[in-house]
Amino acid sequence: MANAAPQHDYHLVDPSPYPLVSSIAVTVMMVGAVVWMTGLFGLPEGTSWLFFAGLAGVLYAAFGWWWDVIKEGQAGYHTPVVSIGLRYGMVLFIASEVMFFAAFFWMFFEMAIFNEARTHIPEMASWADTAAAWSTWPPRGVEVLDAWHLPLLNTVILLLSGTTVTWAHHALQVGDRGGARMGLIITVLLGVLFTAVQVYEYYHILHEDLFFNEAAANSGLYGSIFFMATGFHGFHVLLGTIFLAVCLLRLLAGQLSPEKHFGFEAAAWYWHFVDVVWLFLFAFVYVTFG
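Here the structure is a predicted model, which is why all the values come from computation and not from measurement. As a convention, each chain's residues are numbered from 1 in the sequence order in which they are written. Per-residue local features are limited, in this predicted model, to residues with pLDDT of at least 70; the limit for side-chain atom pairs, both in listing and counting, is 80 or more; totals at the level of whole chains, interfaces and linings are taken over all residues. Side-chain calculation: all heavy atoms of the structure are included, whereas hydrogens and water are not.

## With respect to the pattern of salt bridges
To keep it simple, the criterion reads: Salt bridges are defined as contacts in which a side-chain nitrogen from Lys or Arg sits within 4 Å of a carboxyl oxygen from Asp or Glu. Numbering of helices and strands starts at the N terminus; helices are DSSP runs of H or I of at least 4 residues and strands are runs of E of at least 2. For every residue, the accessible area obtained with a 1.4 Å probe (protein chains only) is divided by the maximum for its type, and the residue is called buried under 20%, exposed over 50%, and partly exposed between those limits.
Overall, the coordinates contain two salt bridges when judged by the stated rule. Notably, a salt bridge pairs Asp-68 with Lys-71, separated by 3.5 Å at the nearest N-O pair. Of this pair, Asp-68 and Lys-71 both sit in helix H2 (residues 49–74), separated by three residues, roughly a single helical turn. Take Asp-68: its relative accessible area is 23%, and that puts it in the partly exposed class. On the basis of relative accessibility, which here comes to 43%, the residue Lys-71 falls in the partly exposed class. With a closest N to O distance of 2.9 Å, Glu-265 and Arg-87 form a salt bridge. Here Glu-265, found in helix H8 (residues 262–288), pairs with Arg-87, found in helix H3 (residues 80–113); they are 178 residues apart in sequence, far enough to count as distant. The class of Arg-87 is partly exposed, set by a relative accessible area of 28%.

## Topic: the packing of H3 against H8
Going by this rule: Only C-alpha atoms enter the line fits that serve as axes; for helices the fit covers just the stretch in contact. Angles between N-to-C directions range over 0 to 180 degrees. The labels follow the angle: roughly parallel below 35 degrees, roughly antiparallel above 145, roughly perpendicular from 65 to 115, and oblique for the rest. Two helices crossing with the near one rotated counterclockwise from the far one by less than a right angle form a left-handed crossing, whereas a clockwise rotation gives a right-handed crossing. Here a residue-residue contact requires only that any non-hydrogen atoms of the pair lie within 4.5 Å. When residues are sorted by character, Ala, Val, Leu, Ile, Met, Phe, Trp, Tyr, Cys and Pro go into the nonpolar class, Asp, Glu, Lys and Arg into the charged class, and all the rest, Gly among them, into the polar class.
Running from amino to carboxyl end, H3 crosses H8 at an angle of 15°, the nearest separation of the two axes being 11 Å. Between H3 and H8, the angle is such that the two are roughly parallel. Relative to H8, the crossing made by H3 is right-handed. Across the interface between the two elements, Leu-86, Arg-87, Met-90, Val-91, Phe-93, Ile-94, Glu-97, Val-98, Phe-101, Phe-105, Phe-108 and Phe-109 of H3 pack against Phe-262, Glu-265, Ala-266, Trp-269, Tyr-270, Phe-273, Val-277, Phe-280, Leu-281, Phe-284 and Val-285 of H8. Across the contact of H3 with H8, the residue classes break down as 20 nonpolar, no polar and three charged.

## Focus on the packing of aromatic side chains
What counts here: Centres within 6.5 Å are what make two rings of Phe, Tyr or Trp a pair, Trp counting through its six-membered ring; a difference in plane orientation under 30 degrees is then read as stacked, over 60 as edge-to-face, and the rest as tilted.
Enumeration according to the criterion identifies 25 aromatic pairs in this entry. Geometrically, the ring pair formed by Phe-100 and Phe-232 is edge-to-face, given 5.1 Å between the ring centres and 80° between the ring planes. Residue Phe-100 is found in helix H3, and its partner Phe-232 is found in helix H7 (residues 220–252); the two are separated by 132 residues along the sequence. Classification of Phe-100 by relative accessible area gives partly exposed; the value is 31%. According to the relative accessible area criterion, Phe-232 is partly exposed, its value standing at 29%. Here Phe-105 and Phe-280 contribute two aromatic rings whose centre-to-centre distance is 6.3 Å and whose plane-to-plane angle is 70°, an arrangement assigned as edge-to-face.

## Quick look at the packing of helix H5 (residues 150–173) against helix H6 (residues 177–207)
For any two helices packed against each other, one specifies the crossing angle of their axes together with the interaxial distance. At their nearest, the axes of H5 and H6 sit 8 Å apart, and the two run at 160° to each other. Comparing the axis directions of H5 and H6 gives the class roughly antiparallel. For the crossing formed where H5 meets H6, the hand is left-handed. A per-class count over the contact of H5 with H6 returns 20 nonpolar, seven polar and one charged.

## Some thoughts on the nonpolar core
Our working definition: Definition used in this section: a nonpolar core is a set of buried Ala, Val, Leu, Ile, Met, Phe, Trp, Tyr and Cys residues joined via side-chain atoms within 4.5 Å.
Grouped together as the largest cluster of nonpolar side chains are 56 residues, with contacts concentrated most on Leu-184, Ile-205, Phe-211, Phe-226, Leu-244 and Phe-264. Within the residue set of this core, elements represented by two or more residues are H3, H5, H6, H7 and H8. Broken down by element, this core gets its largest block of residues, 15 residues, from H8. Each residue touching Ile-205, except ones within four places of it in the same chain, is listed here: Leu-145, Leu-210, Phe-211, Phe-226 and Phe-227.

## A word on the environment of Thr-163
One can find Thr-163 in helix H5. Along the primary structure Thr-163 and Gly-183 are separated by 20 residues, whereas in three dimensions their C-alpha atoms are 8.8 Å apart.

## A look at the side chain of Thr-241
To keep it simple, the criterion reads: Pairs of N or O atoms within 3.5 Å make up the polar contacts considered here, provided that, within protein, one atom can donate a hydrogen while the other can accept it, and that residues adjacent in sequence are counted only when both atoms are side-chain atoms.
Tracing the sequence through the fold places Thr-241 in helix H7. Of note is the side chain of Thr-241, whose polar atom sits 2.8 Å from the backbone oxygen of Val-237. Setting aside residues no more than four positions away along its own chain, Thr-241 makes contact with Val-188, Gly-191, Val-192 and Trp-271.

Listed below in structure tokens is the structure:
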């Protein structure tokens, strides 16, 4: 009786080390980031090995954990009931990401909309210089980017990638594996191109001292918010590109079918979320408040 097949639609996963490993690795990585930036526990500032050790642990746990989920799906454990749970989980994950970016947008909006109010705050120590810098938007000394060059190019790239991933998804649903393969290849290449353009944009900002310079000595918050919001979005694009590249490899290996392809569907949802976030970044960070 102990080895009898379960009489329910749920999948009780085997004990896994990856939740514990990933928790420890993330802790090590975050502590390593603090050590790298400021020094801690007797380790001097600039010590980076602890951060990269934690990052290696995170990547190991992510690969192992996701590989186990793929094997469970191939073994037939992802019943309709389990698939619904996976969909709910992906929806909640994307919802949490929306809140994550909402915080960054609110920081930018608060700085841009209420900047003049800071001039009425009583002068205290060096606050007077900072308030004066923030009394105009963009802050004094900051040279903003032209939204209609590289940012517009990246907008076109992401919008195009949204159409190609939709094409690939529809092609897979109707059994057109060739169309699905071509759509995924183009989407992954567009994701790589977006990342390359953003890296070049960051290089231009830092090389030309557009945000951080002597004239903008008290305006550093603009650059910090800009890099935080666009940088985390770029990180999400990188993750989404990897996500879709794995789906491409699975498609080539024959692991995706019109009936069983939730991994690809979840990747497409995630990619569309990344597209929408970028549209808001372009509209507000680059155009409206730029």
